[in-house]
Amino acid sequence: MKYLKCAFLLTLCLLLTGCKKQIKPTTLSALKLNTYVSITVYDEIDQSVLNDAINLCDHYDKIFSKTNKDSELYRLNNREITVVSDDLKNVINTGIEYGNLTQGSFDISIGAVNSLWDFSGNNNAVPSASLIKEALLYVDYSKIQIEGNTVILPENMQLDLGAIAKGYIADRIKEFLTQKGVKNAIINLGGNVLCMGEKSKDEAFVIGVQKPFANTSEVALTLEIKDKTVVSAGIYERCFFVDDNLYHHIINPSTGYSYNNDLVAVTIICDKSETADALSTSCYSLGLNKGLELINSIDGCHAIFITKDYDIVFSKDFENYFKFNFAK
């Protein structure tokens with residue numbers, strides 16, 4: 001499964017009307033991490049701080065990229081190294097944690113299977129059953145061995161950290177900005193949205209959750225968010241049809257094919273972007289009922305499920321925590 005979240009799963013609605021005082025936000029955007037990245041700060045800030053914040057994406061790309069031959073993950077997957085940085089070790093450990101939490105529905109060792117699929121639009125073909133069967137032999141996160149900063153992978157196993165890495169990076173950018181005195185900002189890593197503080201005094205950020213299989217500007221609902229992160233996993237952008245069958249990038253590690261359940265998207269709202277990133281894919285992979293059961297068992301985490309029938313289902317007591325409006 002290419003656990004990369006789609007660049008436009010969330011649409012930002014950063015309207016500056018209705019503020020009690022004029023706000024002059026500072027924004028910097030760039031193409032990083034193979035997606036569109038944007039950071040907007042609502043405090044007084046030196047431009048160099050914003051430059052350094054967005055350039056952290058390059059630093060972490062050299063750790064988590066599975067295609068950059070100089071990255072730690074690439075070198076680990078190709079057995080060039082076994083001793084890794086704290087950052088890589090921490091994210092691998094998070095992946096193992098969510099593998100246990102979902103009883104293997106979420107599996108960071110899916111890389112060998114993911115490499116058979118291409119959802120970029122260049123070669124939309126279904127891999128042969130024999131290739132998938134062989135690649136599945138190398139999928140089992142429980143066989144990853146970690147001792148200190150030493151990581152040992154079984155033969156031919158390939159890690160894919162796309163379902164966690166962007167969330168982890170967003171959290172590190174937030175830490176950096178906080179150290180520089182920033183209190184109010186919004187970090188958007190290709191749809192992984194992290195809100196620091198609020199847009200202005202007593203005014204929340206307004207975040208739109210995209211309507212599945214619609215124009216990227218169409219939203220299913222909008223949320224008022226303060227000091228939280230919002231991350232979605234969905235099947236409607238990185239996908240293709242073959243013989244009227246939909247294939248998408250969230251791959252079942254048990255079968256090697258796209259998950260086929262009752263969901264088209266899951267959005268998670270919580271404090272840490274890494275948590276939201278991992279939970280959005282985890283809850284999607286579990287399906288509606290088990291996904292709800294999981295999210296309702298975790299304090300401080302909330303979810304919006306969109307089913308194939310376009311029903312919107314909220315986690316327990318969602319309305320007590322967030323203001324939201326359905327799109328007209």
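Please refer to the structure higher up on the page.
Residues numbered from 1 in each chain as written. Predicted model: local features only at pLDDT ≥ 70, side-chain atom pairs only at ≥ 80, totals over all residues. Heavy atoms only, no water.

*Asks:* Give me the overall build of the protein: which residues, what numbers.
*Replies:* Check the secondary structure of the protein and you find seven helices and 16 strands. Relative to its length of 328 residues, the protein is compact, with a C-alpha radius of gyration of 19 Å against a globular reference of 20 Å. Projected onto the principal axes, the alpha-carbon positions of the protein cover approximately 60 × 45 × 40 Å. Within the protein, the proportion of its 328 residues that are buried is 55%. Counted over contacts in the protein with a minimum sequence separation of 6, partners at least 24 positions apart contribute 64%. For the protein, the accessible surface area stands at approximately 14800 Å², while carbon and sulfur atoms represent 46% of it. Where the 31 positive side-chain charges of the protein centre and where its 40 negative ones centre are 4 Å apart. (Helix = DSSP H or I, 4+ residues; strand = E, 2+ residues; numbered from the N terminus. Rg over C-alpha atoms; globule rule 2.2 N^0.38 Å. Buried < 20%, exposed > 50% of the residue type's maximum accessible area, 1.4 Å probe, protein only. Contact = heavy atoms within 4.5 Å. Areas by Shrake-Rupley, 256 points an atom, 1.4 Å probe, with all protein chains shown as cover. Lys, Arg positive; Asp, Glu negative; His and termini not counted. Charge placed at Lys NZ, Arg CZ, Asp CG, Glu CD.)

*Asks:* Give me the packing of helix H1 (residues 47-64) against helix H6 (residues 165-179): which residues, what numbers.
*Replies:* It is at 10 Å that the axes of H1 and H6 come closest, and there the two elements cross at 145°. Here H1 and H6 pass one another in a crossing that is right-handed. Along its contact with H1, which presents Val-49, Asp-52, Ala-53, Leu-56, Cys-57, Tyr-60 and Phe-64, the element H6 presents Ala-165, Tyr-168, Ile-169, Arg-172, Ile-173, Phe-176 and Leu-177. By residue class, the composition of the contact of H1 with H6 is twelve nonpolar, no polar and two charged. (Axes fitted to C-alpha atoms, helices over the stretch in contact; angles between N-to-C directions. Left-handed = near helix turned anticlockwise from the far one by under 90°. Nonpolar A, V, L, I, M, F, W, Y, C, P; charged D, E, K, R; others polar.)

*Asks:* Which residues make up the nonpolar core, and what values go with them?
*Replies:* Among the nonpolar cores identified, the biggest contains 88 residues, and Phe-64, Ile-92, Ile-144, Ile-173 and Leu-177 are the most heavily contacted of them. When sequence neighbours within four positions are dropped, the list of residues in contact with Ile-173 reads Ile-39, Ala-53, Leu-56, Cys-57, Ile-187 and Leu-189. With eleven residues, the next largest nonpolar core counts Ile-110, Val-113, Trp-117 and Ile-132 among its residues. (Core = buried A, V, L, I, M, F, W, Y, C linked by side-chain atoms within 4.5 Å.)

*Asks:* For the pattern of salt bridges, give the residues involved together with the corresponding values.
*Replies:* This model, assessed by the stated rule, comprises nine salt bridges. Across the pair Asp-86 and Lys-89 runs a salt bridge, and its minimum N-O distance is 3.8 Å. On the criterion of helical spacing, the pair formed by Asp-86 and Lys-89 is a turn pair, its members being three residues apart in helix H3 (residues 86-101). By relative accessible area, which is 17% here, Lys-89 ends up buried. For Arg-172, the salt bridge identified is with Glu-175, shortest N-O distance 2.9 Å. You can see Arg-172 and its partner Glu-175 sitting in helix H6, three residues apart, about one turn around the helix. Arg-172 sits in the buried class, given a relative accessible area of 15%. (Salt bridge = Lys/Arg side-chain N within 4 Å of Asp/Glu carboxyl O.)

*Asks:* I'd like a rundown of the packing of aromatic side chains, residues and numbers included.
*Replies:* A complete count under the given rule lists 19 aromatic pairs for this structure. Ring geometry for Tyr-42 and Phe-205: centres 5.4 Å apart, planes at 70°, overall edge-to-face. Taken together, the positions of Tyr-42 in the loop between strand S3 (35-41) and H1 and Phe-205 in strand S8 (residues 205-210) put the pair 163 residues apart, joining distant regions of the chain. On the basis of an interplanar angle of 80° and a centroid distance of 6.3 Å, the ring pair of Tyr-60 and Tyr-168 is categorised as edge-to-face. Remark: Tyr-168 occurs in helix H6 and Tyr-60 occurs in helix H1; sequence separation between them is 108 residues. By relative accessible area, Tyr-168 is classed as buried at 5%. The rings of Phe-314, Phe-318, Tyr-321, Phe-322, Phe-324 and Phe-326 are connected pair by pair, giving a single aromatic cluster. (Phe/Tyr/Trp six-rings, centres within 6.5 Å; stacked < 30°, edge-to-face > 60°.)

*Asks:* An account of the packing of H3 against helix H7 (residues 273-296) is requested, with residue identities and associated values reported.
*Replies:* Contact pair H3 / H7: the axes reach a minimum separation of 11 Å and the direction vectors enclose 5°. Between H3 and H7, the crossing angle belongs to the class labelled roughly parallel. Between H3, through Val-91, Thr-94, Tyr-98 and Leu-101, and H7, the contact on the second element is made entirely by Glu-274, Thr-275, Ala-278, Leu-279, Ser-282 and Leu-294. Residue composition of the contact of H3 with H7, grouped by class: six nonpolar, three polar and one charged. (Parallel < 35°, antiparallel > 145°, perpendicular 65-115°, else oblique.)

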